[in-house]
Amino acid sequence: MPKVALTTLGCKVNQFETETMEGLFKQKGYEIVPFEETADFYVINTCSVTSLGDRKSRQIIRRAQRQNEQAIIAVCGCYSQVHPEEIKAIEGVRVVLGTKERSQIVELVEQAAREDGIIDEVGNIMEARDFEDIPLYDMPQRTRAFLKIEDGCQNFCSYCIIPYARGPVKSRHLDKIHAEAKKLVAAGFKEIVLTGIHLGAYGRDLAGEVTLADACREVLKVEGLKRLRLGSLESIELSPDLFELIRSDERFCAHLHLPLQAGSDSVLKDMNRHYDTAEFARLIEHVEREVPGVAVSTDIIVGFPGETEEQFQQGLAFVAAMNFSRMHVFPYSRRSGTPAAERKDQIPDPVKKERAHRMQELAVRKTQEFHQQFLGKTLRVLFETDTDGITDGLTDNYIRVYTDDAVVCGDLYEVELERLYRDGVWGKVTEKVK
Ligand code: SF4
């Protein structure tokens, strides 16, 4: 049987999509091999969220070509959607897809094997209206299952290339979500993470008044599910209905990832974000009051065009006053085709780097402060990975817990949190959750 190797760059949505493509190959009897091995077909699911994503994508395509010069290389994802010409110019690339038509991946690589030339299937993503529904064929090799329920974004934050790579909002139908969740729970997954490009916009394109809360309810209907977690969500899209669900259903993880992006109101305005810091702070305060122990993680971009030292300092002060459990800090990356990339007042790279460093130091401190609040307490941990006798997993409020007690990955345990350890906490298992 021909061998196929697939790899993913970027976000959880891409990871999920690669798993669905892998399933399509398996259904046709192909052998899946690790990406480092010689294969007949390579599939690379690219990322374009930063210039680093573009560069890494190109490097991986070249690596595949070196591994087997005769192989058929297929490239899909955000980078190839936005810049198909750059992808086609790389030696060895025979199939180029964007962020749709992935359901045709097997037929397209087979066609490329029969014919000469490059197959270019990158269409106009702005015209895509339907969620590309590819059911999972077999189960991912992880403890937590990601379930993609939405694609696309129409927010057009001024720095972001994603709306051009993913097109308008496209939501998965509720019955399909329920069926996929049921499959995952039957396969033994205790936790499902709902993901999307603009998750809070779920349902806007569907008939009726379908919302993200409805999608969550569909998943929560599945018997045997122990945890439901949401992927990244815009703070202003946390509806009362959804909030009530988080508060009232104990299977809902007390963890929200709400991207702040900047702690200065004028920078937020320039970014075309539709809230200010006061509104964000008010919302977090409300969440923290109503959901005890909740973890709020966030993303911050530093060095946005025109960001002054004073605005950056405002950002530092705002973040310092918040109880963030985790922060992902990104230096602004210029993405051609976006309004921010056109600005003349770009911040020099060394300044961006230095600001990222200062913000990152604060991020480490904030995480430790958050973890400290839970030392001495007993929390439920879903264990995921075992490395050299140390197993780690996550609490429902997203604290990574390490232990050398005997545990089984994929199972839930009550764990007493003892001390800070690496990026999380060291714990002692007290009992297994039935
Ligand atoms: S909400 Fe903004 S940052 Fe997020 S994908 Fe849409 S445009 Fe990009």
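The protein appears in an unreviewed UniProt entry as Threonylcarbamoyladenosine tRNA methylthiotransferase MtaB from Selenomonas ruminantium. Quoted verbatim from the Catalytic activity (unreviewed entry) heading of the UniProt record, the comment on the protein is "N(6)-L-threonylcarbamoyladenosine(37) in tRNA + (sulfur carrier)-SH + AH2 + 2 S-adenosyl-L-methionine = 2-methylsulfanyl-N(6)-L-threonylcarbamoyladenosine(37) in tRNA + (sulfur carrier)-H + 5'-deoxyadenosine + L-methionine + A + S-adenosyl-L-homocysteine + 2 H(+)".

Turning our eyes to something else, we now look at the sheet that holds strand 10 (residues 191-195). Read across the open sheet, the three strands follow the order 7-10-11; overall the sheet is parallel. This sheet does not close on itself; its edge strands, each paired only once, are strand 7 (144-148) and strand 11 (227-230). Strand-to-strand, the axes of this sheet are offset by a mean angle of 25°, without reference to chain direction. Its contacts with the sheet put helix 7 (residues 174-186) on strand 7 and strand 10, and the angle it makes with strand 7 is roughly 165°.

This part takes up the pairing of strand 16 (residues 390-395). Within strand 16, six of the six residues are buried, leaving the element largely enclosed by the surrounding structure. The antiparallel hairpin formed by strand 15 (residues 378-387) and strand 16 contains two residues in its connecting segment, where Asp388 sits at a positive phi of about 50°. When strand 16 meets strand 17 (residues 400-403), the two strands line up antiparallel, connected through four bridges. Its bridge partner lying in strand 17, Leu394 is registered against Arg400.

A complete count under the given rule lists 13 aromatic pairs for this structure. Ring centres 5.6 Å apart and planes at 75° place the aromatic pair Phe304 and Tyr332 in the edge-to-face group. Of this pair, Phe304 sits in the loop between strand 13 (295-302) and helix 12 (309-321) while Tyr332 sits in the loop between strand 14 (326-331) and helix 13 (339-342), and the two are 28 residues apart along the sequence. Neither Phe304 nor Tyr332 differs from the other in exposure class; each is buried. Chaining the aromatic ring pairs together yields one cluster made of Tyr275, Phe280, Phe318 and Phe324.

Rules of the game
- Residues numbered from 1 in each chain as written.
- Predicted model: local features only at pLDDT ≥ 70, side-chain atom pairs only at ≥ 80, totals over all residues.
- Heavy atoms only, no water.
- UniProt positions renumbered as here; feature names shortened; annotations may be inferred.
- Pairing = 2+ DSSP bridges.
- Helix = DSSP H or I, 4+ residues; strand = E, 2+ residues; numbered from the N terminus.
- Axes fitted to C-alpha atoms, helices over the stretch in contact; angles between N-to-C directions.
- Contact = heavy atoms within 4.5 Å.
- Buried < 20%, exposed > 50% of the residue type's maximum accessible area, 1.4 Å probe, protein only.
- Phe/Tyr/Trp six-rings, centres within 6.5 Å; stacked < 30°, edge-to-face > 60°.

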